[in-house]
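So the chains spell out like this:
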Amino acid sequence: MVERTLSIIKPDCVAAKNSGKVISMLEKNGFDIVAMKKVWLTKQQAEKFYIVHKERPFYDSLTTFMSEGPIIVMVLEKENAIEDYRKLMGATNPQEASDGTIRKLFGSNIERNAVHGSDSKESADYEINFFFNELEIVKGE
Ligand code: ADP
Ligand code: MG
């Protein structure tokens, strides 16, 4: 089934000038970029995006990190996009991520781990709608 997932190149990865390498990996792995923009979230916007984590001990630190600089947000489209992009990202902790994954290559630690990807159809729908409206998403034939 063709799916859409939300991808974010996080502030650490944008600041390190690794965005182009990540986008190249997405294209080489068969993902179509059907929407893309660069934004700088406020702390309050980052808190809203990560609301599911509000009870976690890292919520304040995570949302401070995600609002420290610009991010690049994309909607990716592909067969099985949600699971396949999670695999390409690698484990949350870059030290535990497999060789060749985005987080292994570009992540620094469990928080500053270079990229975000939706973890289910439900979160993909919420996250895509958070950043994009239908007019901003390219339609296929
Ligand atoms: P993932 O991004 O792999 O889906 P989670 O949804 O569990 O991981 O966490 C969201 C984000 O919160 C992670 O990508 C990471 O930036 C941060 N994070 C997760 N666990 C920790 C932790 N133990 N300490 C600090 N930051 C964390
Ligand atoms: Mg998650």
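Okay, so let's go over this structure. (Residues numbered from 1 in each chain as written. Chains lettered and ligands numbered in written order. Predicted model: local features only at pLDDT ≥ 70, side-chain atom pairs only at ≥ 80, totals over all residues. Heavy atoms only, no water.)

1. Describing the site of ligand 1
Close to ligand 1 lie K10, H53, F58, L62, R86, T92, R103, I110, E111 and N113. Contact between ligand 1 and T92: an oxygen atom at 2.5 Å from a side-chain N or O atom of the residue. At a separation of 2.9 Å, an oxygen atom of ligand 1 approaches a polar side-chain atom of R103. Isolated, ligand 1 exposes 530 Å² of accessible area, and the fraction of that covered by the protein chains is 80%. For ligand 1, the cavity whose grid points lie within 2 Å of the majority of its atoms is the largest pocket. (Near = heavy atom within 4 Å. Polar contact = N/O pair within 3.5 Å; in protein donor to acceptor, adjacent residues only side chain to side chain. Areas by Shrake-Rupley, 256 points an atom, 1.4 Å probe, with all protein chains shown as cover. 1 Å grid on protein atoms, 1.4 Å probe; cavity = no way out; pocket = protein on both sides within 12 Å on 5 of 7 lines; lining within 4 Å. Sits in = over half its atoms within 2 Å of the grid points.)

2. Things to note about helix α4 (residues 59-66)
Taken as a whole, α4 has its buried residues at Y59, L62, T63, F65 and M66. In a view along the axis of α4, the buried residues occupy a sector of 155 degrees, so they form one face of it. (Buried < 20%, exposed > 50% of the residue type's maximum accessible area, 1.4 Å probe, protein only. Helix = DSSP H or I, 4+ residues; strand = E, 2+ residues; numbered from the N terminus. Arc of directions from axis to C-beta.)

3. Some thoughts on the sheet that holds strand β1 (residues 2-9)
The four strands are arranged β2-β3-β1-β4 in an open sheet whose pairing can be described as antiparallel. In this open sheet, the two strands that pair with only one neighbour each are β2 (32-39) and β4 (115-117). Adjacent strand axes in the sheet meet at a mean angle of 20 degrees, parallel and antiparallel pairs treated alike. Note that β1 and β4 share three bridges and pair antiparallel. What sits directly across from S7, in β4, is G117. (Pairing = 2+ DSSP bridges. Axes fitted to C-alpha atoms, helices over the stretch in contact; angles between N-to-C directions.)

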